[in-house]
Every structure is written in structure tokens, then in C-alpha cells.
Amino acid sequence: MGDVLAGFHAAWEFESDSVLIRYERGIRTPKLFQALGERRVPLEAIEGVTLTPGRRGTVVLRVQPRAGADPLIEAAAGQLKESGDPYRLVLPAERETLAEYYADELRALLTETGKTERYLVAAPEAPLHFKAYDGKASFDGEAVSFRWFWTGASSAKWKAGDQSFPVADLGGVEWRSPEMFEGYLRLLPRDAAPPAVPAAPAVPQADQDPAAVVFGLGYGLVHESLPFAAAVLAAVRERSAGTPVPVPVPAPRRDPADIAERIRHLGELHQQGLVTDEEFSSKKAELLAEL
């Protein structure tokens, strides 16, 4: 095809075997898009194309990546807001006919569906780093390092000391968006427990786990922590050659005193206007349910 379709915040170049997405660097462009720069999406990584009405006189062209094709989408696990979806191209409504033409042309080239056996879209390149609330996370392509901050790290993390995790020892990454309450990035160990073990040990809370960094206001922002998580996940997948990513064991019920302290802290955020009434009520009910 070889044509370019420019929209708000991005331009898509349609090639014979891929779609090259170039994101703008303007002040109104979502920071995640700016951090990604550009992405080449092979046609074999796409299983569908949609064109739908958007808001305020716009239309939205979107390609649907296959499950397992993109480490960024796998790490996000459905937590990205619609405005932060890197596979959406928003266009003025008057360009709907042109967008429909490209959508039809693209659909005609798609031949693959279902989950992929390997990542087909490149992850952000290392080295990468970002500041969490309780420490600095760094990834050099071979290992992930956590260096704790005395102002935010728990006593459990200080006792454990700064951490380094070789990719070869990891089984996956768990990312909880900083735009949600209690966001964090946790490194999952490779599952080496023998079959005779009846149950895996409970996973500690992120603020007590030396294999996790916790987010907070202004820390671990999406455009910093999500590309980081995707890069680590891609390195783990490449190193493990298809080894399944372990599923984290649900955390045990918390101590009532811990629940009370978290509700008190939540109330302070609510009084400061940093948490909405709806978020306060929802999270308080969630915490009480853990008693």
C-alpha cells in the first residue's frame, strides 16, 4: 500500500507487510505515545480492523492485535485507558471515507488469528529506568535492579537491601497501573517448586515485597513503568523460550490493624481531594471485604 494516514497524535504508514505507527511529540500527545516514539506492527500480529464513530466529530480506526503478539499490551492486561490505546488512530469525521478505504485494504491482507507463540511487536529497548514511590527500578537488558529510597521503602525492604534479579531467574511481570489505587510492578520468579509441594507460599503485599516497587502520586507513571514492564516481559519470554508465566498466588487476608491504617490513609487522600467520593467508597468496601 505504501500510503500514510495522519490523525490526531499519530500517523500510520501502510506497508506491504506491516503498519508503521509514528506518534507525535506534541504537548497534547499522550505521554505513553511520546515514550513509544514509533512502532512497527507486522500484519501477522493483527487479527482485525474496526472503524467506529468517535467523540466530537471524529472517527476511530483501530487494529486489534492478536493475543500474545505485543508485550506492551500483555503487560498492561487491559488497564490502559481508551485514550492511551496505542492501536487507535483518531481522525476528523470528514476523513471517514478515506479511513474506511484503508480499513478495507488492511482487512484484505490479514490472514492470521488466535494467540501467537512469540512476540511479534518489538518491546521498548533497554536500558530503561523509572522512579517508584519506594525505590528506583532499572533494567539493562540482563537484570532488573531495585534501589530503595529511605523516604518511601518499608522496613522489610530496607532489611532485605537493594535487589538485583537476573532475567534468567524470572518467570514474568505483574503491572498494576499507577492510575489505580495501590499500583505496583512486581517481578515473578521462575516456578521451580517441586510437584510434591502442596501449595505455593502466599505473595506478600507489594509494599513489603522486595521483588516489587510500589507507585504513588507522580511515581511509576504509565509512560515510564509500562514500557519498562513490557521490556522485562519480552526479555523473560525470549530467555524462557515459551515457558508459561506463573500466575501470582492471591495475597492472604490482612491484619485488621493494617486494614484500619490503610483506610485512615485513604481517608486523608479523600479529604485532600486526591481521591473521589466514588473511589473512596469503592476502595473502602474492598479493604473491609478483606477482613
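As a starting point, this report considers the structure included with it. (Residues numbered from 1 in each chain as written. Predicted model: local features only at pLDDT ≥ 70, side-chain atom pairs only at ≥ 80, totals over all residues. Heavy atoms only, no water.)

**Some remarks on the overall build of the protein chain**
Then, number 1: Check the secondary structure of the protein chain and you find seven helices and 14 strands.
Then, number 2: Split into buried and exposed, the 291 residues of the protein chain put 42% on the buried side.
Then, number 3: Put simply, of all contacts in the protein chain between residues at least 6 apart along the chain, 62% involve residues at least 24 apart.
Then, number 4: Accessible surface, the protein chain: about 15,700 Å² in total, of which carbon and sulfur atoms supply 53%. (Helix = DSSP H or I, 4+ residues; strand = E, 2+ residues; numbered from the N terminus. Buried < 20%, exposed > 50% of the residue type's maximum accessible area, 1.4 Å probe, protein only. Contact = heavy atoms within 4.5 Å. Areas by Shrake-Rupley, 256 points an atom, 1.4 Å probe, with all protein chains shown as cover.)

**A short note on the packing of aromatic side chains**
Then, number 1: Applying the stated criterion to the full structure yields 10 aromatic pairs.
Then, number 2: The interplanar angle of 65° and the centroid separation of 6.4 Å between the aromatic rings of Trp12 and Phe14 together place this pair among those described as edge-to-face.
Then, number 3: Note on Phe146 and Trp148: the rings are 5.8 Å apart at their centroids and 50° apart in plane angle, and the pair reads as tilted.
Then, number 4: Overall, the relative accessible area of 1% leaves Phe146 in the buried class.
Then, number 5: You can call Trp148 buried: its relative accessible area is 4%.
Then, number 6: Among the aromatic side chains, those forming a connected cluster through ring pairs are Trp12, Phe14, Tyr101 and Tyr102.
Then, number 7: Cation over ring: Arg186 sits above Tyr184, and NZ or CZ is 5.0 Å from the ring centre.
Then, number 8: Sitting over the ring of Tyr119, Arg237 keeps its end group 4.1 Å from the ring centre. (Phe/Tyr/Trp six-rings, centres within 6.5 Å; stacked < 30°, edge-to-face > 60°. Lys NZ or Arg CZ within 6 Å of the ring centre and 35° of its normal.)

**Some thoughts on the pairing of strand S5 (residues 46-53)**
Then, number 1: Pairing of S5 with strand S6 (residues 58-65), which is carried by seven bridges, proceeds in the antiparallel orientation. What sits directly across from Pro53, in S6, is Val59.
Then, number 2: In this antiparallel pair of consecutive strands, S5 and S6, the connection spans four residues, and Arg56 shows a positive phi of 50°. (Pairing = 2+ DSSP bridges.)

**Looking at helix H5 (residues 222-240)**
Then, number 1: The end-to-end C-alpha distance of H5 is 26 Å, a good match for the 27 Å that 19 residues give at a rise of 1.5 Å each.
Then, number 2: Among the 19 residues that make up H5, 15 are buried, leaving the element largely enclosed by the rest of the structure. (Expected span 1.5 Å × (residues − 1).)

**Describing the environment of Asp104**
Then, number 1: In this structure, Asp104 sits in helix H3 (residues 96-109).
Then, number 2: Given a relative accessible area of 41%, Asp104 falls into the partly exposed group.
Then, number 3: Between the C-alpha atom of Asp104 and that of Val49, which follows or precedes it by 55 residues, the distance is 8.3 Å.

Keep in mind these values describe shape, not function.
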